[in-house]
Amino acid sequence: MDYIKNLEKLLKDDVLVEINETINGIKSALDKKKNDKALKEELKYMSDVKKYFDEVLIDIEKQSITQEEALDIIEGLEDMKVENQEV
């Protein structure tokens, strides 16, 4: 199984789309509450998450990620998805 291709598809079609939507929602909320510290922290966190996954995509393009690393990231994403569904 090609975990790298699966990861790339998952990031482009699902994860980054959702992260971008979340970031836009936080920015909209910040337009209304400019001094909301919690929103600012959430925006920074989500921006850092986006940056990490953007870097993973760059590593995929450079072919500098292994199948094992891709599988680890996929499993981490699946764990996060399960945790979010439990909340």
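What comes next is a walk through the structure.

Rules behind the numbers
- Residues numbered from 1 in each chain as written.
- Predicted model: local features only at pLDDT ≥ 70, side-chain atom pairs only at ≥ 80, totals over all residues.
- Heavy atoms only, no water.
- Phe/Tyr/Trp six-rings, centres within 6.5 Å; stacked < 30°, edge-to-face > 60°.
- Buried < 20%, exposed > 50% of the residue type's maximum accessible area, 1.4 Å probe, protein only.
- 1 Å grid on protein atoms, 1.4 Å probe; cavity = no way out; pocket = protein on both sides within 12 Å on 5 of 7 lines; lining within 4 Å.
- Points joined across faces, edges and corners; volume = space filled by probe spheres on them.
- Helix = DSSP H or I, 4+ residues; strand = E, 2+ residues; numbered from the N terminus.
- Nonpolar A, V, L, I, M, F, W, Y, C, P; charged D, E, K, R; others polar.
- Polar contact = N/O pair within 3.5 Å; in protein donor to acceptor, adjacent residues only side chain to side chain.

**What to know about the packing of aromatic side chains**
Summed over all chains, the structure comprises one aromatic pair. Ring geometry for Y52 and F53: centres 5.1 Å apart, planes at 65°, overall edge-to-face. Accessibility expressed as a relative area gives 42% for Y52, which makes it partly exposed. Its relative accessible area of 6% is what places F53 among the buried residues.

**Details of the layout of surface pockets**
Computed from the structure, the largest pocket encloses a volume of approximately 560 Å³. Around the largest pocket, the lining comprises 21 residues; the ones closest to its centre are V15, E18, L77, M80 and K81. Listing elements by their share of the lining of the largest pocket, those giving two or more residues are α1 (3-32), α2 (37-61) and α3 (67-86). Each residue belonging to the lining of the largest pocket can be placed in one class, and the counts come to 12 nonpolar, four polar and five charged.

**Regarding the environment of D2**
Inspection of the secondary structure assignment puts D2 in the segment before α1. Given a relative accessible area of 31%, D2 falls into the partly exposed group. Distance from D2 to E41, taken between C-alpha atoms, is 36 Å for residues 39 residues apart in sequence. A distance of 3.2 Å separates a polar atom in the side chain of D2 from the backbone nitrogen of I4.

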